[in-house]
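Each chain, letter by letter, is given below.
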Amino acid sequence: MKLSTDLEENIRTAHRLLPLGTSFDLVTRRLYLGKTKGYWIGVNGFLRVEILQQIFSDLQNPLYTQDQTIDEIQKYVDSKIGYVQTSLSGDWDDILRNLLSGPSLLLLDGFDRAVLLDVRTYPARSISEPDSEKVTKGARDGFVETLLFNANLMRRRIRDPRLTFELASVGSESKTDVAVSYLKDVADMELVKKVKEALSALPVTALTMGAKSLEELLVRKKWFHLLPSIFLTERPDVACSYLTEGHIAVIVDNSPAVLIFPCTIFQFTQSPEDYYKNTVVGTYFRLVRFLCIPVSLLLMPLFLLLTVHYPQLSEKWNLLSTQELPGPTLIFYMFAVEFLLDLFRYSATLRSGQFSGSLSIIGGLIIGDMAVELNWASMEILFYAAVTMLASLSLSSLEFGDGIRLYRIFLLIATALGGLWGFSGGLLFILLSVLTTPTFGGKSYLWPLLPFNWQALKTLLFRYPAAKAQPDRVWKRR
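The name given to the chain in an unreviewed UniProt entry is Spore germination protein, with Candidatus Eisenbergiella pullistercoris as the source organism. Turning to the chain, the UniProt record has this under Sequence similarities (unreviewed entry): "Belongs to the GerABKA family."

Right, dumping it as structure tokens:
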């Protein structure tokens, strides 16, 4: 719908499209710019009032303007409004989208185009290190909920003229700003095109959970695909390292996490901590994290398999040194401990830091000791469960660790019901689930293992010195 040249008609249209006079955060004011009548609309709290006051003061100052009438709106804006972020629009849909995003609106009598004054400012928390991706050394800044701030954090690190941020709007109701970031001629431009096309075609009313909602909309998964299909990071240095390797970053307004495309399983085993340590030390801890994946997945099911279905091996290797326990009792102990550990971890996650120490004491001393005394668990099961939990927590991605945890619970159920055949079948099902995990753009989830690329794989397995780890050729997917 187009604007009219009649100011009063435009005001009536604005009152019909917006809850002016009803919603307290929408503010209006009638103005006279010389002999030309005007009408201003803005969102209270999104405006830098001092700049707006200066603009209005200049436009209404007869010594400054000297023009009693406005003949040409483009020339008037260019010569009389000294603010940089000023534009014209004659379409109501575009005007409403801009107005509700922060810029204010100035309607002038006799013109079918409105002046958009982008003097917005957003409520924002201070930039701080993200809790989920802490490092002992390195930068202490992290993404926040404001899209422009996040783009600035990335631009500050990559001062390359090829760095591009293309803006899109997602959600028929929320109209959430989403920016696609990439290095031109370094990223796969076909994949960039697919991302932009997918964003423009999303059938969604609102991104209620920000980047997480966008992740689920871009990659549709089956119920048995438990591992994450898109890598999310809250650290600008991590996002910029992926950009220089040819990846694409998608920034969602109101969300402190940035999505990285394409995604592989090996991204969830990396940690920025590796690059702030000596190369040998960084390689060691990276290999430890790789080892933690099979430990977290297989330790408890293997213990259950040997103690319940092969007691002679359990006795030979002293897996149960305290007492002989029947199979159903061991199975009950195993699932009770899994439930208690998950309950403890979930409770500790939701509580503030001042309670985390108390929860650790309760979980380690009281619950563990009482579970053994009340015959809800055995010391051996508590030990293996604790090792499994430590292995899960050592994984740098919490979402990846949660997926491994659910795979482990499924494998425990299959082993309890079917013994060796159940364990083997469950393991095969997990392998097929991982192999068929979908990613955006149809890229392989196991690259560079499938298809095999040793040049890229060795940089993921080992921490290379900075001089040898430059990604200009390694990351070309062939």
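Now that the structure has been shown, the text picks up again.
When you tally the buried positions in strand 9 (residues 248-252), you get five out of five residues, the bulk of the element. Of the two faces of strand 9, the one carrying Ile248, Val250 and Val252 and the one carrying Ala249 and Ile251 are both buried. As paired elements, strand 7 (residues 176-183) and strand 9 share four bridges and run antiparallel to each other. Across the sheet, valine 178 pairs through a bridge with valine 252, a residue of strand 9.

When the UniProt feature table is mapped onto this chain numbering, "transmembrane region" (unreviewed entry) sits at residues 287-310, 330-348, 355-375, 381-398 and 410-435. The span residues 287-310 is 96% helix and 0% strand, and its two end C-alpha atoms sit 31 Å from each other. The span residues 381-398 is 78% helix and 0% strand, and its two end C-alpha atoms sit 24 Å from each other.

In this structure, Met154, Leu227, Ile265, Phe400 and Val434 are the most contacted members of the largest nonpolar core, which totals 42 residues. Elements represented by at least two residues in this core include exactly helix 6 (147-157), strand 7, helix 9 (236-244), strand 9, strand 10 (258-261), helix 10 (279-309), helix 15 (398-435) and helix 16 (454-461). Broken down by element, the residue count for this core peaks at seven residues, all from helix 15. Look past the residues within four positions of isoleucine 265 in its chain and what remains in contact with it is Leu227, Phe400, Val434, Tyr445 and Leu446. In terms of nonpolar packing, the next biggest core, distinct from the first, is built from 25 residues, Tyr182, Val192, Ile248 and Phe440 among them.

In this section: the sheet that holds strand 2 (residues 36-43). Pairing between the strands of a sheet is mediated by backbone hydrogen bonds and can be parallel or antiparallel. The strand order across the open sheet built from five strands is 1-2-4-5-3, with neighbouring strands paired in antiparallel fashion. Two strands lie at the open edges of the sheet, namely strand 1 (26-33) and strand 3 (86-89), each paired on one side alone. Sheet twist, expressed as the mean angle between neighbouring strand axes with direction ignored, is 25 degrees. The pairing of strand 1 with strand 2 spans eight bridges and is antiparallel. Within strand 2, the residue paired with leucine 26 across the bridge is valine 43. Sitting on the sheet, helix 2 (residues 49-59) is in contact with strand 1, strand 2, strand 4 (104-108) and strand 5 (114-117), with an inclination near 140 degrees to strand 5. Each of strand 1, strand 3, strand 4 and strand 5 touches helix 4 (residues 73-80); the most contacted strand, strand 3, lies at about 170 degrees to it.

Residue position: valine 280 is located in helix 10. Judged by its relative accessible area of 62%, valine 280 falls in the exposed class. In the structure, valine 280 is positioned 184 residues away from tyrosine 464 in sequence and 8.7 Å away in space, judged by C-alpha atoms.

With that settled, the discussion passes to the packing of aromatic side chains. Under the defined criterion, the tally for this structure stands at twelve aromatic pairs. Both rings, one in phenylalanine 266 and one in phenylalanine 290, keep their centres 6.2 Å apart while their planes meet at 55 degrees; by these two values the pair is tilted. On the criterion of sequence distance, the pair formed by phenylalanine 266 in the loop between strand 10 and helix 10 and phenylalanine 290 in helix 10 is long-range, its members being 24 residues apart. The pair phenylalanine 266 / phenylalanine 290 is uniform in exposure class, with both members buried.

Within helix 16, six of the eight residues are buried, leaving the element largely enclosed by the surrounding structure. Among the residues of helix 16, those classed as buried are Ala456, Leu457, Lys458, Thr459, Leu460 and Leu461. For helix 16, the capping residue at the N-terminal end is asparagine 453, with a side-chain oxygen 3.2 Å from the backbone nitrogen of glutamine 455.

On average, residues of the chain score 84 in pLDDT, and 88% of them are at 70 or above. Mean pLDDT values over the elements of the chain span from 57, in helix 13 (residues 353-373), up to 94, in strand 9.

Turning to the environment of phenylalanine 56, a few remarks are in order. Structurally, phenylalanine 56 is set in helix 2. Residue phenylalanine 56 is classed as buried on the basis of its relative accessible area of 8%. If we ignore the near neighbours within four places in the chain, the residues touching phenylalanine 56 are Leu31, Trp40 and Leu117.

The peptide bond linking tryptophan 447 to proline 448 adopts the cis configuration, its omega dihedral lying at 10 degrees. Relative to the elements of secondary structure, proline 448 occurs in the loop between helix 15 and helix 16. Residue leucine 450 is joined to proline 451 through a cis peptide bond whose omega torsion reads -10 degrees. Relative to the assigned elements, proline 451 resides in the loop between helix 15 and helix 16. Even without glycine at this site, lysine 175 takes up a positive phi of about 50 degrees. Positive phi is not limited to glycine here, since aspartate 185 has a value of about 70 degrees. Examined against the element boundaries, aspartate 185 turns out to sit in the loop between strand 7 and helix 7 (189-200).

Before going further, it helps to examine the sheet that holds strand 6 (residues 163-170). Across the sheet, which stays open at both edges, the five strands sit in the order 6-7-9-10-8 with antiparallel pairing between neighbours. What marks the edges here is a single partner per strand, and that holds for strand 6 and strand 8 (231-233). With direction set aside, neighbouring strand axes in the sheet form an average angle of 25 degrees. The pairing of strand 6 with strand 7 spans eight bridges and is antiparallel. Along strand 7, the bridge assignment pairs leucine 163 with leucine 183. Together, strand 7, strand 8, strand 9 and strand 10 form the strand contacts of helix 8 (residues 211-218), whose direction differs from that of strand 10 by roughly 30 degrees.

What counts, and at which threshold
- Residues numbered from 1 in each chain as written.
- Predicted model: local features only at pLDDT ≥ 70, side-chain atom pairs only at ≥ 80, totals over all residues.
- Heavy atoms only, no water.
- UniProt positions renumbered as here; feature names shortened; annotations may be inferred.
- Buried < 20%, exposed > 50% of the residue type's maximum accessible area, 1.4 Å probe, protein only.
- Helix = DSSP H or I, 4+ residues; strand = E, 2+ residues; numbered from the N terminus.
- Pairing = 2+ DSSP bridges.
- Core = buried A, V, L, I, M, F, W, Y, C linked by side-chain atoms within 4.5 Å.
- Contact = heavy atoms within 4.5 Å.
- Axes fitted to C-alpha atoms, helices over the stretch in contact; angles between N-to-C directions.
- Phe/Tyr/Trp six-rings, centres within 6.5 Å; stacked < 30°, edge-to-face > 60°.
- Polar contact = N/O pair within 3.5 Å; in protein donor to acceptor, adjacent residues only side chain to side chain.
- pLDDT = per-residue confidence, 0-100.

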